[in-house]
Amino acid sequence: MANETKDYSRYFDFSDAKIISEDEHGKRIRIGGREIFIMSEPSYRREKQRGKEEIKVLYEEAVPEELRTFGKGKKYIIQTYGCQMNEHDTEVMKGLFEHMGFEWTDDRREADVILLNTCAVRENAEDKVFGELGNLKSLKLEKPELILGVCGCMSQEESVVGRILQKHAYVDLVFGTHNIHRLPILLRDAYFGKEMVVEVWSKEGDIIENLPKKREGMRAWVNIMYGCDKFCTYCIVPYTRGKERSRLPEDVIAEVRELARQGYREITLLGQNVNAYGKDFTDRDYRFADLMADLSKIDIPRIRFTTSHPRDFDDKLIEVLSRGGNLVEHIHLPVQSGSTEILKRMSRKYTRESYLELVRKIKAAIPGVVLTTDIIVGFPGETEEQFEETMSLVREVGFDSAYTFIYSPRAGTPAAEMEDNVPMEVKKERLIRLNDLVAELSKRSNEALRGRVVEVLVEGRSKSNPNVLSGRTRTNKLVHFEGPPEWIGSFVHVRVTDPQTWYIKAEPVRQETGAVS
Ligand code: 5AD
Ligand code: SF4
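The structure presented is a predicted model; accordingly, all values stated were derived computationally and were not measured. (Residues numbered from 1 in each chain as written. Chains lettered and ligands numbered in written order. Predicted model: local features only at pLDDT ≥ 70, side-chain atom pairs only at ≥ 80, totals over all residues. Heavy atoms only, no water.)

**Comments concerning the pattern of salt bridges**
What counts is decided by this rule: The working definition used for a salt bridge is a side-chain nitrogen of Lys or Arg within 4 Å of a carboxyl oxygen of Asp or Glu. What counts as a helix is a DSSP run of H or I of at least four residues, what counts as a strand is a run of E of at least two, and both are numbered from the N terminus. We call a residue buried when its accessible area falls under 20% of the maximum for its residue type, exposed when it is over 50%, and partly exposed in between, using a 1.4 Å probe and counting protein chains only.
Applying the stated rule across the entire model yields 50 salt bridges. The closest approach of N and O atoms between Arg215 and Glu255, which form a salt bridge, is 2.5 Å. Note that Arg215 is positioned in the loop between β11 (207-209) and β12 (219-223) and Glu255 in helix α7 (residues 249-261), a separation of 40 residues in sequence. This pair shows no difference in class: Arg215 is buried, exactly as Glu255 is. Salt bridges sharing common partners tie together Arg219, Glu266, Arg302, Arg304, Glu455 and Glu459.

In structure tokens form, the structure reads like this:
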């Protein structure tokens, strides 16, 4: 049975909770001796709703004048779980912390604030966070003034917030994905109040521009849209991230221009479903293909995007991508399953055949394109034949790599109500078979590059050998080669000498600092 082992709903039983006071700002409750100030809490029912209200774009100063020195002499840590969207949210929160005068530390014992930026997409991600909260309890007992916060996608789940209230009452602050910009105010409240502060908005807010971001390295993420309206039946994201909202093209373009000016080499455009970009605009007809065409004119060497949904991938976008230039020939195109029947029950809104047709068009238009994907095995009711259809699709497309997952039921999603009748041993065995196939295809495609010269953006030293540099090709393949550290941050041409399964060994042929071929 789905969820048999993890029914968090009982954690949301507030029968022993006492309401101390309640007004228009929120309610104060007491559970087991701990006072909690709930400004707002998550609700699956409200997160599911998609209203017609117009999304406003606000250009705000997120850190009020009086809080600009609040963090002076204080240190913070953010531990990030999950996808690139979360990584980028962490960059925004780092920006906010540092605008308040806080300093980053790697040492937990000297931290004044520790935030866990969490992921809800699979159960094992959640287990990790609850494990970590357990570990942090002793630190909090030793140093009661430490502010311990939970944010990100898990905070948007009512069952998780209930469990924190009941079982992890030493947490000081819980906030969600829609009110990150409120961090300075919430931190102040958590510092000065004795109670736990909970502010999770169920409904997405407006788009807030001008938030400070602290980026590192030579590659930068840029949000182009927030939320997802696809409601694939297994997925929690439409609940935790709200409805689709696109940033205005002028704001995205200005940000990318500024990053180019600052010397960034590569941009990754982020959205849960970037191909839906612009669908929510009421005052203009401007879509993802238009944005890519405009961004391709900016002087930044490489532009990537993630994640695309096959359903919204239109011909105009293929045409724009086929022009090349700074638009790289790598497309991450999650398929999830190769069986039309399973895709239907996942509510993916495309078939095996239409996916293969899209792949055919992309390959015809973009020579040398590298395709990668996401796949779920063991979706409720997946038969051996249906799994074999996934295997054959993977072979037919010839993905260069794939993120593969065992299906994990998420409370509140439609699939969690379906009978999860594939035994765990079978799911694991399917995952192994699939991973073996993906490894074989990856090795084969790397092998095809033997002797060829590729352009690499040098990102740093290899983790295992400091004499070796590591970087990525336009197609996002990892390359290792010997060279001086001065090359870090530049583009180097290398010849592939020894392709492996997950990376490529190469040797430099010539250096072109900052050049793109
Ligand atoms: N179980 C397993 N994998 C999931 N994903 C999303 N939801 C689930 C789930 N409930 C996977 C999908 C998605 C990727 C980010 O995570 O493959 O593309
Ligand atoms: Fe989840 Fe589907 Fe939206 Fe991707 S497109 S975030 S899998 S609901």
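**Things to note about the sheet that holds strand β8 (residues 147-152)**
Note the cut-off: Strands are labelled as partners when DSSP assigns at least two bridges between them.
Pairing within the open sheet is mixed, and its nine strands lie in the order β1-β2-β3-β10-β9-β8-β7-β5-β6. What marks the edges here is a single partner per strand, and that holds for β1 (18-23) and β6 (103-104). Bridging between strand β9 (residues 173-175) and strand β10 (residues 196-199) involves three bridges; their strand directions are parallel. Along β10, the bridge assignment pairs Phe175 with Glu199.

**Re the packing of helix α11 (residues 352-365) against helix α12 (residues 384-397)**
Quick note on the threshold: Fitting a line to C-alpha atoms yields each axis, with helices limited to the stretch in contact; the angle taken between N-to-C directions then spans 0 to 180 degrees. Here the word oblique covers every angle except those under 35 degrees (roughly parallel), over 145 (roughly antiparallel) and from 65 to 115 (roughly perpendicular). Residues count as neighbours in contact if any of their non-hydrogen atoms are within 4.5 Å of one another. Classes in brief: Ala, Val, Leu, Ile, Met, Phe, Trp, Tyr, Cys and Pro nonpolar; Asp, Glu, Lys and Arg charged; the others, Gly included, polar.
Their axes nearest at 11 Å, the elements α11 and α12 cross at an angle of 10°. Considering their axes alone, α11 and α12 lie roughly parallel with respect to each other. Side by side, α11 and α12 meet where Arg352, Tyr355, Leu356, Val359 and Lys363 of the first sit next to Glu389, Ser392, Leu393, Glu396 and Val397 of the second. Residues belonging to the contact of α11 with α12 are distributed by class as follows: five nonpolar, one polar and four charged.

**Some words on empty space enclosed by the protein**
Where we set the bar: Cavities and pockets are found on a 1 Å grid laid over the protein atoms alone: a cavity is a set of points where a 1.4 Å probe fits but cannot escape, a pocket is an open set with protein on both sides within 12 Å along at least five of seven lines, and a lining residue has an atom within 4 Å of such a point. Grid points are joined across faces, edges and corners, and a volume is the space filled by probe spheres set on the points.
Across all of its chains, the model carries one cavity of 30 Å³ or more by this definition. Of the voids in this model, the largest cavity is the one considered here, and its volume is about 340 Å³. Along the walls of the largest cavity sit 23 residues, with Asp89, Thr177, Ile208, Leu211 and Tyr226 positioned nearest its centre. Sorting the residues of the lining of the largest cavity by element identifies α2 (84-99) and β11 as the ones contributing at least two each. No other element matches the four residues that α2 contributes to the lining of the largest cavity. By residue class, the composition of the lining of the largest cavity is seven nonpolar, nine polar and seven charged.

**Things to note about the nonpolar core**
What counts here: Side-chain atoms within 4.5 Å link the members of a nonpolar core, which is a set of buried Ala, Val, Leu, Ile, Met, Phe, Trp, Tyr and Cys residues.
Leu269, Phe288, Met292, Phe313, Ile331 and Ile362 are the most contacted members of the largest nonpolar core, which has 73 residues in total. Ranked by the residues each element gives to this core, the list is headed by helix α8 (residues 288-295), at six residues. In contact with Phe313, not counting residues within four places along its chain, are Asn275, Phe305, Ser308, Ile318, Leu321, Ile331, Leu333, Leu358 and Ile362. Formed by 35 residues, the second largest nonpolar core is a distinct cluster that contains Leu116, Leu139, Ile164 and Tyr170.

All quantities given are derived from atomic positions and should not be read as evidence of function.
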